[in-house]
Amino acid sequence: MTRAGQEYIESLRDGREIWLDGELVKDVTTHPAFRNTVRSIAGLYDMTHDPAFRDVLTVRPEGPERAEGADARIHRAYAIPRSHEDLVARRKAFKTWSEASYGFLGRSPDYMASGIAGFAALPGVFAGAEFDGTANLDAYYRRMSQGDLYQSFTLANPQADRTKAASEQERDDLYIRVVKELDGGIVVRGAKMIGTAAIFGNEIIVGTIEPLPAKDADYALSFSIPLDTPGLKFISRTSYEAAARTVFDNPLSSRFDENDSMLICEDVFVPWENVLVYRDVEASFKQWWVTPAYWNFVHQAATRFWTKLEFLVGLGILIAKANGTYELPPVQIQIGRLMGWLNMAKSMLLAAEASYEAVPGGDGAVQINKEIASAHRFMAADVYPKVLQEIKTLAGGGLIQLPASGLDLRHPVIGDLVAKYVRSPGAGPEKRVKLFKLAWDALGSEFAGRHEQYERFYHGAPHIYLPSMVRDGSPDLCERLAQSCLDGYELADEPAGFAA
Ligand SMILES: Cc1cc2nc3c(=O)[nH]c(=O)nc-3n(C[C@H](O)[C@H](O)[C@H](O)COP(=O)(O)OP(=O)(O)OC[C@H]3O[C@@H](n4cnc5c(N)ncnc54)[C@H](O)[C@@H]3O)c2cc1C
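Source: prediction; values computed, not measured. (Residues numbered from 1 in each chain as written. Predicted model: local features only at pLDDT ≥ 70, side-chain atom pairs only at ≥ 80, totals over all residues. Heavy atoms only, no water.)

Draft legend 1. Broad picture of a nonpolar patch on the surface. A grouping of Val413, Ile414, Leu417 and Tyr421 is seen on the molecular surface, where their side chains present a nonpolar patch of about 410 Å² in accessible area. Mapped onto the fold, Leu417 is located in helix α12 (residues 415-421). (Patch = residues over 30% accessible without salt bridge, like charges linked within 9 Å, V, L, I, M, F, W, Y side chains within 5 Å. Areas by Shrake-Rupley, 256 points an atom, 1.4 Å probe, with all protein chains shown as cover. Salt bridge = Lys/Arg side-chain N within 4 Å of Asp/Glu carboxyl O. Helix = DSSP H or I, 4+ residues; strand = E, 2+ residues; numbered from the N terminus.)

Draft legend 2. Quick look at the sheet that holds strand β8 (residues 203-206). Strand order in the open sheet made by the four strands is β5-β8-β9-β12, with mixed pairing throughout. Whereas interior strands pair on both sides, the edge strands pair on one side only; in this sheet they are β5 (151-154) and β12 (275-278). Across the sheet, the mean angle from the axis of one strand to that of its neighbour is 20°, orientation sign disregarded. Both strand β9 (residues 221-226) and β12 contribute to a ladder of three bridges, which runs antiparallel. (Pairing = 2+ DSSP bridges. Axes fitted to C-alpha atoms, helices over the stretch in contact; angles between N-to-C directions.)

Draft legend 3. The domain arrangement of the protein, seen in detail. In terms of domains, the protein is made up of domain 1 (5-289) and domain 2 (293-475). Listed per partner, the contact involves 50 residues of domain 1 and 49 residues of domain 2. Buried area between domain 1 and domain 2, summed over both chains or domains, comes out near 4,000 Å², and the portion from carbon and sulfur atoms is 64%. The tally of links from domain 1 across to domain 2 stands at five salt bridges. Arg91 is the salt-bridge partner of Glu353, the closest N and O atoms lying 2.7 Å from each other. Across the contact surface, domain 1 and domain 2 share 21 residue pairs in polar contact (both at pLDDT 80 or more). Of all the elements in the fold, those that place two or more residues in the side of domain 1 that touches domain 2 are α4 (84-100), α5 (109-121) and α8 (281-289). Residue composition of the side of domain 1 that touches domain 2, by class: 23 nonpolar, 14 polar and 13 charged. (Domains from an automatic or database assignment. Contact = heavy atoms within 4.5 Å. Buried area = accessible area lost by both parts, 1.4 Å probe. Polar contact = N/O pair within 3.5 Å; in protein donor to acceptor, adjacent residues only side chain to side chain. Nonpolar A, V, L, I, M, F, W, Y, C, P; charged D, E, K, R; others polar.)

So this is what it looks like as structure tokens:
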């Protein structure tokens, strides 16, 4: 049974150690830096109980993931897709939740839930020669899916010297590694670079997504632990929610700041039952790349990206209309370009579903088409900054010609002046200020800058994913076709022209 929003909120009131601006945050659910976003996420959970969304968002699974009990519905993201219809149904669930934040909550609970379902689709990957994590995986999958728990991940290591392996960094315990083995579990020490939305979750999963050399076996771990585990520290980045004045002035950052934090493990004890991969460089890699986990992440992310582009294109249209420029031919070209990017994002997602693949060894499980999913990852990182730029060009100085506070419109001295000079044809000043403040939050604010960096990097850096498209794609086919053209003619004595 999925949780209601209030149940989710109460689950965050534990002993988690979150640091912000040198302050130990006592309660993320009430702290001004986090509370609105907590409520936005709680709203997602409430939607799973709303008759209008229940069947879209939840399912009573029929496979091995089926839970005991009278009403064993789980979120669709936790179910293992076994057909094209299942993929479409899961996408509709992703879409419904992403629309609730206009695509600005990248790591809503369905993101990692789909990854966990990916692990569960291929449990054999966790059966290493030295450590068999399959029973732990089964318990983990049931705990998360049936408890409807919220998790995000921390996989990337801190940026230190990117040319060196983990064990070659200038400090041994820079990246998370095992430092002690005890009867009941392991002790880990080190840090992970960023955990988006981690502080809003119930558990955090730690792993490593890049290939590790055999000498880095101490770093080849994967485990999931509750946020209040002793020794676990989260250092939060600047909170845009805290900096927001009001919902009117900062409509997105005040409510959808999913936060990113650095995770530090100070000799954290991890019980064996929470360990999925232990000192196994092969399983550590395969967990993300051979199970459908990564492709499930892309399925969620591509759906959210589609929603985000719909929202941004809509914003561009409203801005052009507010400035009276919408019908101008050059502006129609700009809007057409935006629509082109939007439809490209949508069609790649639908094509990746339609040309789905069986998960090899996955007992009927399916995943979206990997080649298209990889191309989407590249496309989205490339297109997002262009979309922002196009809409900023449409908007001009209107993004800046704004009173600091919407309440200036009601000020006894300057209210009438602001209303006189900040206006759009046919629309009152409040409507214009409201639109352009939303636009600035989405396009130009610190929150917007973070989103641009997110879309560029959250699925890895270009120097990793672009070569992988050559490695995993079909360069031979392209080369063969070009070569066949070259092979079709020779240098001849006759003048140019077709031979009879
Ligand atoms: C907003 C945001 C949220 C994120 N959330 C999460 C999260 O929730 N969980 C998580 O695990 N990670 C998260 N990440 C981290 C993300 O996974 C990494 O940013 C990503 O994997 C790229 O790694 P990096 O940032 O260390 O970049 P690097 O690997 O350090 O690369 C940065 C740049 O350095 C150059 N470079 C570095 N090495 C090489 C090389 N060998 N060859 C050529 N050029 C090179 C390239 O120009 C590259 O673009 C997030 C990142 C962002 C920006």
